[in-house]
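Results of the structural survey
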Amino acid sequence: AESGLLSKPADLAVAADGAVFVLDYGGPSILELDQQGTSVVQLLGRAGAGPGELRIPLGLAVSGDTIVTANTGNGRLEFFRRTGQVLGSRPISAGALTGRIALSGDGGFILPTNGADSSLARLYGADGAPGRAIGSPVVPHSPKFDLLQFDSKAADLYLAVGTA
């Protein structure tokens, strides 16, 4: 951020060939940086609600020549080619657009849910269809994060495990 390249970096992804991509929440955009991290090779996305446009982007992942971001403010995942071409988007439920994205080699992905569907994350197929739920939340889902409740429950679990 001190270099002036980024306004509010939110996530980072590294491609298999070492290329570095940074999700700039404040841009909003995805920047590919040079190997020294001092200049922008290319810029993907821009502010807005249309195809390839971003509003409140939070998660970023790279797989092969595909880059995907959780376009939270627009309620969808946004897909780009590394060449800059907009590949399209997929609508995703609001609870699934809260952070990191993991891509699979078959085009599927995993997204966190923050407990919105009584799970911690959900697998999605290459077609975007929801699949298997992963994990169970320790505290009930709330649209607002209650860190005091989380801290209390985490302390209870730590004590239970520590005395077992």
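Residues numbered from 1 in each chain as written. Predicted model: local features only at pLDDT ≥ 70, side-chain atom pairs only at ≥ 80, totals over all residues. Heavy atoms only, no water.

**Brief notes about the overall build of the chain**
Here is the rule we go by: Secondary structure counts use DSSP, requiring at least four H or I residues in a row for a helix and at least two E residues in a row for a strand, with both numbered from the N terminus. Remark: exposure states derive from per-residue accessible area (1.4 Å probe, protein chains only) relative to the maximum for the residue type, with buried under 20%, exposed over 50%, and partly exposed in between. What makes two residues a contact is simply this: any of their non-hydrogen atoms within 4.5 Å. Note that accessible areas follow from Shrake-Rupley with a 1.4 Å probe, and for residues the cover is restricted to the protein chains shown.
Per the secondary structure count, the chain includes one helix and 14 strands. Residues classed as buried in the chain amount to 36% of the 164 residues present. The contacts in the chain between residues at least 6 apart in sequence include a share of 30% that link residues at least 24 apart. Working note: accessible area of the chain is about 9100 Å², and carbon and sulfur atoms make up 58% of it.

**Section: the sheet that holds strand β3 (residues 29-33)**
Put simply, the rule reads: A pair of strands is labelled paired if DSSP reports no fewer than 2 bridges between them. Helix axes use the C-alpha atoms of the stretch in contact, all axes being lines fitted to C-alpha atoms, and the angles between their N-to-C directions lie in the range 0 to 180 degrees.
Spatially, the four strands line up as an open sheet ordered β1-β2-β3-β4, and their pairing is antiparallel. The strands lining the two open edges of the sheet, one partner per strand, are β1 (9-14) and β4 (40-44). Geometrically, the sheet is characterised by an average inter-axis angle of 20° between neighbouring strands, direction not taken into account.

**What about the environment of serine 7?**
Mapped onto the elements of the fold, serine 7 is located in the segment before β1. Distance in space between the C-alpha atoms of serine 7 and glycine 27 is 6.3 Å, their sequence separation being 20 residues. Not counting the four nearest positions on each side in its chain, serine 7 is found in contact with Asp24, Gly26 and Gly27.

**Let's talk about the packing of aromatic side chains**
Put simply, the rule is: Stacked, edge-to-face and tilted are the three classes for Phe, Tyr and Trp ring pairs, Trp counted by its six-membered ring, which pair at centre distances within 6.5 Å; planes under 30 degrees apart are stacked, over 60 edge-to-face, the rest tilted.
Applying the stated criterion to the full structure yields one aromatic pair. Geometrically, the ring pair formed by phenylalanine 109 and tyrosine 124 is stacked, given 5.1 Å between the ring centres and 10° between the ring planes. One end of the pair, phenylalanine 109, is in strand β12 (residues 109-112); the other, tyrosine 124, is in strand β13 (residues 121-124), with 15 residues separating them in the sequence. No difference in accessibility class separates phenylalanine 109 from tyrosine 124, as the two residues are buried.

**A word on the confidence of the model for the chain**
Our working definition: A residue's pLDDT is the confidence the predictor assigns to it, expressed on a 0 to 100 scale.
Predicted confidence across the chain gives a mean pLDDT of 81, with 84% of residues reaching 70 or more. Averaged pLDDT values over the elements of the chain bottom out at 66 in helix α1 (residues 147-163) and peak at 94 in strand β6 (residues 53-54).

**Concerning the sheet that holds strand β9 (residues 76-81)**
Each strand in a sheet pairs with another by means of backbone hydrogen bonds, the pair being arranged parallel or else antiparallel. One open sheet accounts for four strands, arranged β7-β8-β9-β10; its pairing is antiparallel. Strands with a single pairing partner mark the edges of an open sheet, and in this sheet they are β7 (57-63) and β10 (86-91). Recorded for the sheet is a direction-independent mean angle of 20° between the axes of neighbouring strands.

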